[in-house]
Amino acid sequence: MCGIVGYVGEKQATPILMDGLKSLEYRGYDSAGVAVYDNGLNLVKTKGRLVELEKRLEEFPVTGIVGIGHTRWATHGEPSEINSHPHMNEESSMAVVHNGIIENYMEIRDDLLAKGHVFVSETDTEVAVHLIEHYYNQNQDLLDAVILAIKELKGSYALGVIHEDYPNQLIAARKDSPLVLGLGEGENFIASDIPAILKYTRNVYLLDDEEVAVLTKDSITIYDLYRDVVTKDIFKVTWDVAAAEKDGYEHFMMKEIMEQPKVIKDMLASRIYDDVDEVRLDNVDLSKEKLSQYSKIYIVACGTAYYSGLVGKSLIERLARIPVITEVASEFRYSDPIIDKNTLMIVISQSGETADTLAALRLAQAAGTHVIGVVNAVGSTIAREADDVLYTLAGPEIAVASTKAYSAQVCAMYLIATKIAMAYDKISIEEFRIIRNELFMLPSKIKSILDKKDQLKALAEKYADSKNVFYIGRGLDFAVSMEGALKIKEIAYLHAEPYAAGELKHGPIALIEKSTLLVGLLAQEEFYDKTISNIKEVKARGAKVLAIAMEGKNSVEKVADDVFYIPRTHWMIAPLLANIPQQLFAYYIACALGRDVDKPRNLAKSVTVE
Ligand code: F6R
């Protein structure tokens, strides 16, 4: 899981590569490097973040108009200078950057070692370098060599290759790792993600699996593995580069939290109308006729996206009375799932590149299952491979911790569940209108929570020294508490456990002591009294309690140390609102503890390896 960028043109490559790498740093940041051609290949790389590479480049500047760059998140071999990319062959005549995992690298490495190749790093990537070199030595044709090499690679890769025998050329290839090609005027680019090149061009080709591209400053030619030319439409990027910048906020995470009213407005804009009594999901067929083909529904995703799926499960079951199985993708794919053409599968992914989710999608499709992708990144692999796509329209999410994408995913679940319930005649027009009104009011209700963010800042500062945090709730509140606990774990590094409120007594209550913080979710009115009883139990054992409750439910003040109120709403809309204070609370605790909010340790934004 790394970021790669490449340039071929007339300008100096290094500043362009560094610029691109900065916007890709969310993909990994334990080491970085560039290789640029100028009468030979010049390589500069270093352990640490991009600032370290910048310092190194000041000491050892590299010039040239063709180059590749890389920011790494270690998979094979510790973060170190030697393991950082680009990697080179023995003669330093070729440089390669790679994102992904080459699964059969051990056997290829043994074979190449036997043939006399010398390896210097512990990476899987280095086998790609020597394998290309091996084939290149046979007929001196770089494109052929790349094709022959990738035919042998198992696993995932996005590759950028430059060679001193081809000083005006850059070669790129991909399988199961994202890669886009940017078309400029007298210059062309490769990158793991669009924001890296958006400053230079809005016209991109989305490279597909097992395609290889040859880029010169004036042309991009794409080939399949038979070296036949592949023609492709240009994908025009319509969103702005400013959308991928901080807009004056200290962190991307805060910027993204604050964008949520607009995100939800955009999500709803073309899907519900105040004078139309239905949900319109243009490219997703959830008609009665289509739904009658399915005997069960699976929702599959990872992490935060999975938690949004838990909300979806509960809503589809409660509104439409259809059983839904929700599964994390890494388990689903190895569980020998009972799926067939009578199964509907919904996969949820912000990046659209998550390896396990993608594998789950492919497994399902191979069994004849129809897959709907709920995806944020337009043109991503999951978006392209799913049978139908519902875009969450949240715009680029840069902070590693997902916030606005989660809200958009939950909103997608509202739309899908309502649509399915209506198709089955399980909710009346009157009920639909109530839900629709509540959906329309969501952006302003989110804003009213955001307007009270200083209250959450003060609470975060009060509780920042907590050693253990429990998040509890029942029903949909429990689903939301899982997301709350994940957020505080990943950005504040606090140990946090989500628990179904009724389960506390069955063991974990033994962990409650004076330094424990309990965040009690009370946004589901029907469970209010029951959860209050559970809160009393932990309060009696010395824990501090922060409650998140609906306005008007003031009796909680008698049992909680602090209460944050969210606006009143319909039970199904409450999860999205109840999560907003959790996001802000986790954010401010992370700030109070001096954490690296946007780039928490050990994490990367896009998990494109298993
Ligand atoms: C947590 C977070 C992750 C992702 C997960 C799936 O804040 O962002 O748990 O939700 O890695 O990623 P996507 O949605 O890109 O498939």
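Residues numbered from 1 in each chain as written. Predicted model: local features only at pLDDT ≥ 70, side-chain atom pairs only at ≥ 80, totals over all residues. Heavy atoms only, no water.

Engineer: What am I meant to see in the site of the ligand here?
Structural biologist: Near the ligand you find 15 residues, and of these Ser 349, Gln 350, Ser 351, Thr 354 and Glu 490 are the closest. In this structure, an oxygen atom belonging to the ligand sits 3.1 Å away from a main-chain N or O atom of Thr 304. One of the side-chain N or O atoms of Ser 351 is found 2.6 Å from an oxygen atom in the ligand. In isolation the ligand has 400 Å² of accessible area, and contact with the protein removes 89% of it. Contributions of two or more residues to the shell around the ligand are made by α9 (303-320) and α16 (476-492). Split by residue class, the shell around the ligand holds six nonpolar, seven polar and two charged. (Near = heavy atom within 4 Å. Polar contact = N/O pair within 3.5 Å; in protein donor to acceptor, adjacent residues only side chain to side chain. Areas by Shrake-Rupley, 256 points an atom, 1.4 Å probe, with all protein chains shown as cover. Helix = DSSP H or I, 4+ residues; strand = E, 2+ residues; numbered from the N terminus. Nonpolar A, V, L, I, M, F, W, Y, C, P; charged D, E, K, R; others polar.)

Engineer: I would appreciate a short explanation of the side chain of Glu 187 in the present structure.
Structural biologist: Looking at the secondary structure, you find Glu 187 in the loop between β9 (180-183) and β10 (188-191). A relative accessible area of 7% means that Glu 187 is categorised as buried. Within the structure, Glu 187 has its side chain in polar contact with the side chain of Tyr 7 (distance 2.8 Å). Setting aside anything within four residues of it in sequence, one finds Glu 187 in contact with Tyr 7, Val 8, Gly 9, Lys 11 and Lys 217. (Buried < 20%, exposed > 50% of the residue type's maximum accessible area, 1.4 Å probe, protein only. Contact = heavy atoms within 4.5 Å.)

Engineer: Could you clarify how one ought to interpret unusual backbone geometry in this entry?
Structural biologist: Most peptide bonds take the trans form, and the phi angle of most residues other than glycine is negative. Residue His 85 is joined to Pro 86 through a cis peptide bond whose omega torsion reads -5°. With respect to the element layout, Pro 86 can be found in the loop between β4 (66-72) and β5 (87-88). The residue Asp 176 is not glycine, and still its phi comes out positive at about 60°. Position of Asp 176 relative to the elements: it lies in the loop between β8 (166-175) and β9. You will see that Arg 227, though not glycine, has its phi angle at about 65°, which is positive. Along the polypeptide, Arg 227 turns up in the loop between β13 (220-223) and β14 (229-230).

Engineer: Which parts of the structure should I look at to understand helix α14 (residues 429-450)?
Structural biologist: Under the 1.5 Å per step criterion, the end-to-end length of α14 is 32 Å for 22 residues, consistent within 8% with the ideal 32 Å. The axis of α14 is deflected most strongly, by about 45°, at Leu 442, and proline Pro 443 appears within four residues downstream. Residues of α14 that are buried: Phe 432, Ile 435, Arg 436, Glu 438, Leu 439, Leu 442, Pro 443, Lys 445, Ile 446, Ile 449 and Leu 450. Next to the buried residues of α14 lie α6 (252-258), α7 (260-269), α13 (404-423), α15 (453-463), β25 (562-566) and α18 (574-592). (Expected span 1.5 Å × (residues − 1). Bend = angle between axes of the 7 residues up to and from the residue.)

Engineer: Would you mind showing me how to read the sheet that holds strand β6 (residues 94-99) here?
Structural biologist: Picture the strands of a sheet paired through backbone hydrogen bonds; they go either parallel or antiparallel. Within the open sheet, the seven strands sit side by side as β5-β6-β7-β8-β12-β13-β14. Their pairing is antiparallel. Of all the strands in the sheet, just β5 and β14 have a single pairing partner and so form its edges. Sheet topology places β6 next to strand β7 (residues 157-163); six bridges connect them, and they run antiparallel. Paired with Val 97 across the two strands is Gly 160, which belongs to β7. Against the sheet, helix α4 (residues 125-139) engages β5, β6, β7 and β8, with an angle of about 135° to β6. On top of the sheet, helix α5 (residues 142-152) reaches β6, β7, β8, β12 (211-215) and β13; it is set at about 20° to β8, its chief contact. (Pairing = 2+ DSSP bridges. Axes fitted to C-alpha atoms, helices over the stretch in contact; angles between N-to-C directions.)

Engineer: Sorry, what's going on with the pairing of strand β21 (residues 468-473) here?
Structural biologist: Regular strands show a simple pattern: their side chains alternate between the two faces of the sheet. Most of β21 sits out of view: five of its six residues are buried. Taken together, the six bridges between β21 and strand β22 (residues 495-500) define a ladder with parallel strand orientation. Opposite Ile 472, over in β22, you have Tyr 499 as the bridge partner. You can see the chain leave β21, run along α16 and come back into β22, and the turn it takes is right-handed. Sheet topology note: the β21/strand β23 (residues 516-522) ladder contains five bridges and is parallel. When the sheet's bridge partners are listed, Val 469 is paired in β23 with Leu 517. (Right-handed = clockwise from strand over helix to strand, strands pointing away.)

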